Amino acid sequence: GGSGAPAPSGFAFPSGLNTSLDGDSLSPIGSLALRRPRFMEKRELTPAERGTVYHTVMQHIPLNGEVTEGTVQDTVRRLLDRQLLTQEQAKALDPEVICGFFRHEVGRRLLRAGRVYREVPFSYGLSAQEAYRICRPGAENETVLVQGVIDCLFAEEEGFVLVDYKTDAVRGGRLEVLINRYSMQIKLYARAIEQIWKRPVIQKYLYFFDGGHVIQV
């Protein structure tokens, strides 16, 4: 199954960070592996905080076999032992939602992958023309800083597959709006990855935990 792998030396990590960022944000919040998140003492979780809980579990869940509810519960217990989650946060997690991802084709491919990178922060400068694909007047010489975190990147024979997890609520017809909102982001991520790793990103997916929607971008 897919084991973790170090990021390539070409990665330009944001200063002072090394392993974990909030996958739904372009701004660093610090390393979950080194310190407890700032919201650890809160009893009420916001949607963004619930999103961080799901990202933390997806970062640490083992990929060496079938992912069952027992696998998720074991992972949560380990995170509780390491004080990376609180009891309140653990209660906000639905193990079935995590399992649902691994029943999808892209989740099964992830489990078969030989090299998997999870929660890797990066920053990379692209020309405005490259970033927007349509050069704005006066933007030819500008540089756009693409900074964020790779939720999941795994290698297949022909190149990389990029997966971005989303915990937004998709009820009330919001799915199409969210797809439009995040499509440009994941395309920019993919372009930056290709520039840094010198290898193509062959497929890009958004996975919405709410409803289990897998969207190829």
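Below you will find a few notes about this structure. (Residues numbered from 1 in each chain as written. Predicted model: local features only at pLDDT ≥ 70, side-chain atom pairs only at ≥ 80, totals over all residues. Heavy atoms only, no water.)

Notes on the packing of helix α1 (residues 47-60) against helix α2 (residues 69-81)
So, point 1. Where α1 meets α2, the closest approach of the two axes is 10 Å, and the angle between their N-to-C directions is 105°. Between α1 and α2, the angle is such that the two are roughly perpendicular. Residues T56, V57 and H60 of α1 touch α2, and the partners they reach there are V72, T75, V76, R78 and L79.
So, point 2. Grouping the constituent residues of the contact of α1 with α2 by class yields four nonpolar, three polar and one charged. (Axes fitted to C-alpha atoms, helices over the stretch in contact; angles between N-to-C directions. Helix = DSSP H or I, 4+ residues; strand = E, 2+ residues; numbered from the N terminus. Parallel < 35°, antiparallel > 145°, perpendicular 65-115°, else oblique. Contact = heavy atoms within 4.5 Å. Nonpolar A, V, L, I, M, F, W, Y, C, P; charged D, E, K, R; others polar.)

Some thoughts on the environment of C99
So, point 1. Inspection of the secondary structure puts C99 in helix α4 (residues 95-103).
So, point 2. Aside from chain neighbours lying at most four places away, what touches C99 is V67, T68, E69 and V72.

A short note on the pairing of strand β4 (residues 159-166)
Two faces make up the sheet, and in a regular strand the side chains alternate between them.
So, point 1. Burial analysis of β4 places eight of its eight residues in the buried class, which makes it a mostly covered element.
So, point 2. By the bridge criterion, five bridges tie strand β3 (residues 143-156) to β4 in an arrangement that is antiparallel. Residue A155 lies in a different strand from β4, and its bridge partner there is F160.
So, point 3. Hairpin connection between β3 and β4: a loop of two residues separates the two successive antiparallel strands.
So, point 4. Regarding the hand of the β-α-β motif, the stretch spanning β4, helix α7 (residues 175-197) and strand β5 (residues 201-208) is right-handed. (Buried < 20%, exposed > 50% of the residue type's maximum accessible area, 1.4 Å probe, protein only. Pairing = 2+ DSSP bridges. Right-handed = clockwise from strand over helix to strand, strands pointing away.)

With respect to unusual backbone geometry
So, point 1. With a phi angle near 50°, E119 is a residue other than glycine that sits in the positive phi range.
So, point 2. By secondary structure assignment, the location of E119 is in strand β2 (residues 115-127).
So, point 3. A relative accessible area of 3% means that E119 is categorised as buried.
So, point 4. Even without a glycine there, the phi angle at K198 is positive, about 60°.

Digging into the packing of aromatic side chains
Here the distance between the centres and the angle between the planes together describe a pair of aromatic rings.
So, point 1. For the structure on display, the rule yields eleven aromatic pairs.
So, point 2. Ring geometry for F101 against Y165: centres 5.5 Å apart, planes inclined by 85°, an arrangement best described as edge-to-face. Placement of the pair is F101 in helix α4 and Y165 in strand β4, with a sequence separation of 64 residues. Considered together, F101 and Y165 belong to a single accessibility category, that of buried residues.
So, point 3. Through a chain of ring-to-ring contacts, three or more aromatic side chains come together here, namely Y54, F101, F102, Y165, Y207 and F209.
So, point 4. Above the face of the F160 ring, R199 is positioned so that its terminal group lies 5.2 Å from the ring centre. (Phe/Tyr/Trp six-rings, centres within 6.5 Å; stacked < 30°, edge-to-face > 60°. Lys NZ or Arg CZ within 6 Å of the ring centre and 35° of its normal.)

Topic: the pairing of β3
So, point 1. In terms of burial, β3 is a largely internal element, ten of the 14 residues being buried.
So, point 2. In this structure, β2 lies alongside β3, joined through eleven bridges in antiparallel fashion. Bridge assignment links V116 to a residue of β3, and that residue is F154.

Notes on the nonpolar core
So, point 1. Residues I98 and F102 are the most contacted members of the largest nonpolar core, which totals 33 residues.
So, point 2. Looking at this core, the elements that each hand over two or more residues are α1, α2, α4, α5 (105-112), β3, β4 and β5.
So, point 3. If one sorts the elements of this core by residue count, α4 sits on top with five residues.
So, point 4. Beyond its immediate stretch of four places on either side in the chain, I98 contacts Y54, V57, M58, I61, V72, L93 and F209.
So, point 5. L153, A155, L175 and L178 belong to the second largest nonpolar core, which has 27 residues in total. (Core = buried A, V, L, I, M, F, W, Y, C linked by side-chain atoms within 4.5 Å.)

Observations regarding the pattern of salt bridges
So, point 1. Within the structure shown, the criterion is met by six salt bridges.
So, point 2. Linking R109 and E156 is a salt bridge whose minimum nitrogen-to-oxygen distance equals 2.8 Å. In this pair, R109 sits in helix α5 while E156 sits in strand β3, placing the two residues 47 residues apart along the sequence.
So, point 3. Judged by its relative accessible area of 24%, E156 falls in the partly exposed class.
So, point 4. With a shortest N-O distance of 4.0 Å, R181 and D168 are connected by a salt bridge. A residue pair is termed long-range when its members are at least 10 positions apart, and R181 in helix α7 and D168 in the loop between β4 and α7 qualify at 13 residues.
So, point 5. For R181, a relative accessible area of 46% puts it in the partly exposed group.
So, point 6. Its relative accessible area of 16% is what places D168 among the buried residues. (Salt bridge = Lys/Arg side-chain N within 4 Å of Asp/Glu carboxyl O.)

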